[in-house]
Amino acid sequence: SVYEKAGCYEDALMYYKRVLKIRTALLGEIDPETAAVYQNIADVYEALKKYDKALVEYKHALAIRLECLGEEHYDTASTVNNIGVMYERTGKFKEALEQYNYALRIKRQALGADHSSVATTIQNIADVHQRLGHFHKALVAYREGYDIRVKCFGEDHVETVTMLQNIGDTYTNLEQYDKALECYEHVLAFRTKEFGPDSLEVAATTQCLGTVHRFQGKLDLALEEYNAALAIRQANLGEESAETASSQHMI
């Protein structure tokens, strides 16, 4: 676990596999503790971007958790959600949606409709709809997730504001630019206060503002915002990063 948190994923993987061998010998294959180690191994493969291997391990963990804990347990839902993430990362969006909706049903039963973990899975669903170009469906889901996070955390919380940024992105895709600007301006004010005016979070939202103003034909304002985002990214990431290149491309 320490190796994993430190980003030493190969070392973490080696130790998790040792733990798995011991737990299987002591507890057997069908045990929640064994499932937890399969989950750990999958998490490491995910961090290494070996998504096919992660998927195998998550499915193994899920089979054990279904047998030991049942379908209505939060740990089961968590693994189902992880499987959805793997499908999304590998471009299998239909399968991702099926898993996310399955996880959502379990989480609502296990945790209640207004739990922050429910909002996370709703965001996953919205993200897939966004990637598929289903912008109206994405907006409905993002709004539902946003309302839950407001209840859980309040309006001025990192997770709530992240959802608001997503709502702004969706309004941009729907060409509802005034609504997008309203979202982005709230996000920018929060991120400037929370992370500082020279943070990458501020740069990301500033670039979004520039894009909306460009679409509205306000090119001088767009250029000003793109240049502001570029300056922050150059200072934080240097000239060779993908984010810096994105700002230069916009300019």
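Details of the structure are given in the entry above.
Residues numbered from 1 in each chain as written. Predicted model: local features only at pLDDT ≥ 70, side-chain atom pairs only at ≥ 80, totals over all residues. Heavy atoms only, no water.

1. What about the side chain of arginine 191?
Considering the arrangement of structural elements, one finds arginine 191 in helix 10 (residues 177-195). For arginine 191, which is buried and forms no salt bridge, the nearest opposite charge comes from glutamate 201, at a distance of 6.7 Å. In this structure arginine 191 touches Val161, Thr162, Gln165, Gly196, Ser199, Glu201, Val202, Ala204 and Thr205, once residues within four positions along its chain are discounted. (Helix = DSSP H or I, 4+ residues; strand = E, 2+ residues; numbered from the N terminus. Buried < 20%, exposed > 50% of the residue type's maximum accessible area, 1.4 Å probe, protein only. Lys, Arg positive; Asp, Glu negative; His and termini not counted. Salt bridge = Lys/Arg side-chain N within 4 Å of Asp/Glu carboxyl O. Contact = heavy atoms within 4.5 Å.)

2. As for the pattern of salt bridges
Counted under the stated rule, the structure contains 7 salt bridges. The partner of glutamate 144 in a salt bridge is arginine 108, and the shortest N-O contact between them spans 2.7 Å. Placement of the pair is glutamate 144 in helix 8 (residues 135-153) and arginine 108 in helix 6 (residues 93-111), with a sequence separation of 36 residues.

3. As for the environment of valine 56
Position of valine 56 among the secondary structure elements: in helix 4 (residues 51-68). According to the relative accessible area criterion, valine 56 is exposed, its value standing at 52%. For the pair valine 56 and tyrosine 45, spaced 11 residues apart in sequence, the C-alpha separation works out to 10.0 Å.

4. With respect to a nonpolar patch on the surface
On the surface, Ile22, Leu26 and Leu27 cluster together into a nonpolar patch covering about 320 Å² of accessible area. Tracing the chain through its elements places leucine 27 in helix 2 (residues 9-27). Exposure remark for leucine 27: the relative accessible area of 42% places this residue in the partly exposed category. (Patch = residues over 30% accessible without salt bridge, like charges linked within 9 Å, V, L, I, M, F, W, Y side chains within 5 Å. Areas by Shrake-Rupley, 256 points an atom, 1.4 Å probe, with all protein chains shown as cover.)

5. Considering the environment of alanine 35
Among the secondary structure elements, alanine 35 is positioned in helix 3 (residues 32-47). Residue alanine 35 is classed as buried on the basis of its relative accessible area, which comes to 0%. Sequence-distant contacts of alanine 35, defined by excluding residues within four places in its chain, comprise Ala61, Ile64 and Arg65.

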